[in-house]
Amino acid sequence: MTSSTLPSSLFLQLDFPSIRATTSNKLSLPSTNSNRSSFHVFPIRASVSERPTPSVSVPPTRKPGQTNSLPSEPTINNLPMRKIPGDLGIPIIGPLKDRQDYFYNQGRDEFFKSRIQKYQSTVFRANMPPGPFISNSPNVVVLLDAKSFPTLFDVSKVEKRDVFTGTYMPSTELTGGYRVLAYLDPSEAKHGLLKRLMFFLLKSRRENVIPEFRSSYTEFFESLESELSEKGKADFALANDQAAFNFLARSLFGSNPGDTELGTDGPGIVQKWVLFQLSPILRLGLPQFIEDSVFHNFRLPPKLIKKQYQRLYDFFYESSGFMLDEGERLGISREEACHNLVFATCFNSFGGMKLFFPNVMKWIGRAGVKLHARLAAEIRAAVKEAGGEVTMATMEKMELMKSVVYEALRIDPPVPLQYGKAKRDLVIESHEHAFQVKAGEMLFGYQPFATKDPKIFDRAEEFVGDRFMGEEGEKLLKYVIWSNGPETENPSVSNKQCAGKDFVVLVSRLLVVELFLRYDSFEIQVGTSPLGSKITLTSLKRASF
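Residues numbered from 1 in each chain as written. Predicted model: local features only at pLDDT ≥ 70, side-chain atom pairs only at ≥ 80, totals over all residues. Heavy atoms only, no water.

Engineer: Help me understand a nonpolar patch on the surface in this model?
Structural biologist: Taken together, the side chains of Ile90, Ile92, Ile93 and Phe133 make up a nonpolar region of the molecular surface, amounting to roughly 450 Å² of accessible area. On the basis of relative accessibility, which here comes to 57%, the residue phenylalanine 133 falls in the exposed class. (Patch = residues over 30% accessible without salt bridge, like charges linked within 9 Å, V, L, I, M, F, W, Y side chains within 5 Å. Areas by Shrake-Rupley, 256 points an atom, 1.4 Å probe, with all protein chains shown as cover. Salt bridge = Lys/Arg side-chain N within 4 Å of Asp/Glu carboxyl O. Buried < 20%, exposed > 50% of the residue type's maximum accessible area, 1.4 Å probe, protein only.)

Engineer: Would you mind going over unusual backbone geometry with me for this structure?
Structural biologist: Glycine aside, negative phi is the norm for most residues, and most peptide bonds take the trans geometry. The omega angle of the peptide bond from proline 129 to proline 130 is 10 degrees, so this bond is cis rather than trans. Positionally, proline 130 belongs in the loop between β4 (123–127) and β5 (139–143). Look at the link from proline 132 to phenylalanine 133: it is a cis peptide, with omega at 15 degrees. Relative to the assigned elements, phenylalanine 133 resides in the loop between β4 and β5. We note that glutamine 120 has phi near 50 degrees; this positive angle belongs to a residue other than glycine. Within the secondary structure, glutamine 120 sits in the loop between α2 (108–119) and β4. The class for glutamine 120 is buried, based on a relative accessible area of 14%. (Helix = DSSP H or I, 4+ residues; strand = E, 2+ residues; numbered from the N terminus.)

Engineer: Quick question: what am I supposed to make of the sheet that holds strand β7 (residues 234–235) here?
Structural biologist: Sheet strands pair via backbone hydrogen bonds, and the direction of the pair is either parallel or antiparallel. Judged by pairing direction, the sheet is antiparallel, and its three strands sit side by side in the order β7-β13-β12 without closing on themselves. The open sheet has two edge strands, β7 and β12 (519–529), and neither has a second partner. Across two bridges, the pairing between β7 and strand β13 (residues 532–542) is antiparallel. By the bridge assignment for β13, aspartate 235 is matched with threonine 536. (Pairing = 2+ DSSP bridges.)

Engineer: What is the right way to look at the packing of aromatic side chains in this model?
Structural biologist: When we look at a pair of aromatic rings, we describe it by the centre distance and by the angle of the planes. Applying the stated criterion to the full structure yields 39 aromatic pairs. Arranged with centres 5.5 Å apart and planes meeting at 55 degrees, the rings of phenylalanine 164 and phenylalanine 347 form a pair that is tilted. Residue phenylalanine 164 is found in the loop between β6 (158–159) and α3 (189–205), and its partner phenylalanine 347 is found in helix α10 (residues 334–367); the two are separated by 183 residues along the sequence. The pair phenylalanine 164 / phenylalanine 347 is uniform in exposure class, with both members buried. On the basis of an interplanar angle of 80 degrees and a centroid distance of 6.2 Å, the ring pair of phenylalanine 457 and tyrosine 479 is categorised as edge-to-face. Note that phenylalanine 457 is positioned in the loop between α14 (447–450) and α15 (470–475) and tyrosine 479 in the loop between α15 and α16 (501–518), a separation of 22 residues in sequence. Cation over ring: arginine 115 sits above phenylalanine 111, and NZ or CZ is 3.8 Å from the ring centre. Across from the ring centre of tryptophan 363, 5.7 Å away, lies the NZ or CZ of arginine 366, which sits over that ring. (Phe/Tyr/Trp six-rings, centres within 6.5 Å; stacked < 30°, edge-to-face > 60°. Lys NZ or Arg CZ within 6 Å of the ring centre and 35° of its normal.)

Engineer: What is the right way to look at the pattern of salt bridges in this model?
Structural biologist: Tallied over the entire structure, the rule returns 39 salt bridges. Close ionic contact of aspartate 292 with arginine 99 constitutes a salt bridge, the shortest N to O distance being 3.1 Å. Placement of the pair is aspartate 292 in helix α7 (residues 288–295) and arginine 99 in helix α1 (residues 93–105), with a sequence separation of 193 residues. For arginine 161, the salt bridge identified is with glutamate 159, shortest N-O distance 3.4 Å. With relative accessibility at 34%, the residue arginine 161 sits in the partly exposed group. Beyond isolated ion pairs, a larger network of salt bridges with shared partners links Glu159, Arg161, Asp162, Arg179 and Glu188.

Engineer: When you look at the environment of isoleucine 84 in this model, what are you seeing that I'm missing?
Structural biologist: Positionally, isoleucine 84 belongs in the loop between β3 (79–80) and α1. Isoleucine 84 gets classed as buried once you look at its relative accessible area, which sits at 7%. In the structure, isoleucine 84 is positioned 37 residues away from serine 121 in sequence and 8.7 Å away in space, judged by C-alpha atoms. Dropping the residues within four chain positions of it, isoleucine 84 is found in contact with Val123, Phe124, Arg125, Val141, Phe435, Gln436 and Val437. (Contact = heavy atoms within 4.5 Å.)

And the structure:
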């Protein structure tokens, strides 16, 4: 992903031939035959899933009886101009207070919700972590509605240079001394070259994606069944991490990590390496005093992870000769190309699968057996009609499955935090007001509030599996913006939309398809982890038809 966006989640940076966001589109990937391997059926115990936690709703931006404007206020596009509200506090003290509220006193969602209520506005000023002593300027203009948020996508208005992780940038020692693609603005010459390199990667390896996914995730599900049989429950994350890393290495580079010196260590190394980059803005679950005074105030020394990162780098350097050759043809050194491939594959793609796949399981699991039955019937009928093959064309006929994936991307986007710096003086509009922003000000958006805007979506806080079905549902896809741009638009070398937008959608669809080809239903327990949802499977009901 070349977007200047930050995950609770991480980002995906690989491109795939375009998967259109309407049901009528033709898909460009070739059909691929892939039969599932046989597996042993273990007895599986069942237990009751945890009930979903209450969702967070964005309250109205006006008090009862309050009008939009006063007669004397200037207007733009019939919206009254308003000074951006918000209290940044005293330097150092204000940012530290906001950080305490964000992580500990309120939590992220309540941090934003309480300020919407306080200022009666979805646009306001605040300080974002980490603040002192890592960030020189933690002050941001917060955008929390579907109308103001897309300003962050417009590279004619905002600069994306070095804002991938927000108000600070991790040391380039963590990426071989290079500013990798995620930190480049489209105005920089290297941005276009590196994004072309990522486009080339998936174009050249596209025929391997579906068969390698099915192979890797057959191993994944068999592992879950075995653990569930032995322990009565199964940890989704551990098996998913290994399956995701193996799938990416096999499908994109034709290399099986288990056959190399890296072995099964890849996922663990990636997680440590990511921690060194994101620890200033993560809640790690440590005692508050230790976590906040150490991890949120100081950067972890890159030297501590250097040897392990070198193992990752060596694996990709040895596996990606064809990509390094293409990089040289484009004018990119083999070393710089390889560091970018490590980042794109491990931080972006692996990180995205690690974060988003549990979200998919969470929302489908909570939706219950009625949705499960509908998905199983639709998916199995389409695959049967295609002669047992899972292909791009086959999946395009699965209207409910596609809608479910888009709804998961809407309600729980893998890229929740997004930044951009105003290139010039701007006027930003919310539903209620227009606001003047000065050149150089940092803009920030928390996407889950924008994608649950009640002025756009009915039952915005609910997971509605069939929300995007039919003509009216497809019209809403322009508000699905997880990729640093609308789902109805495509990444290019001139924008910062996630280069792997279509790849992410594809592998997410494949997860749902494989799940319901094997099982009628499943039950889960949902917890939390530093990077998102923690899923424990308590029941898998094998396919009965």
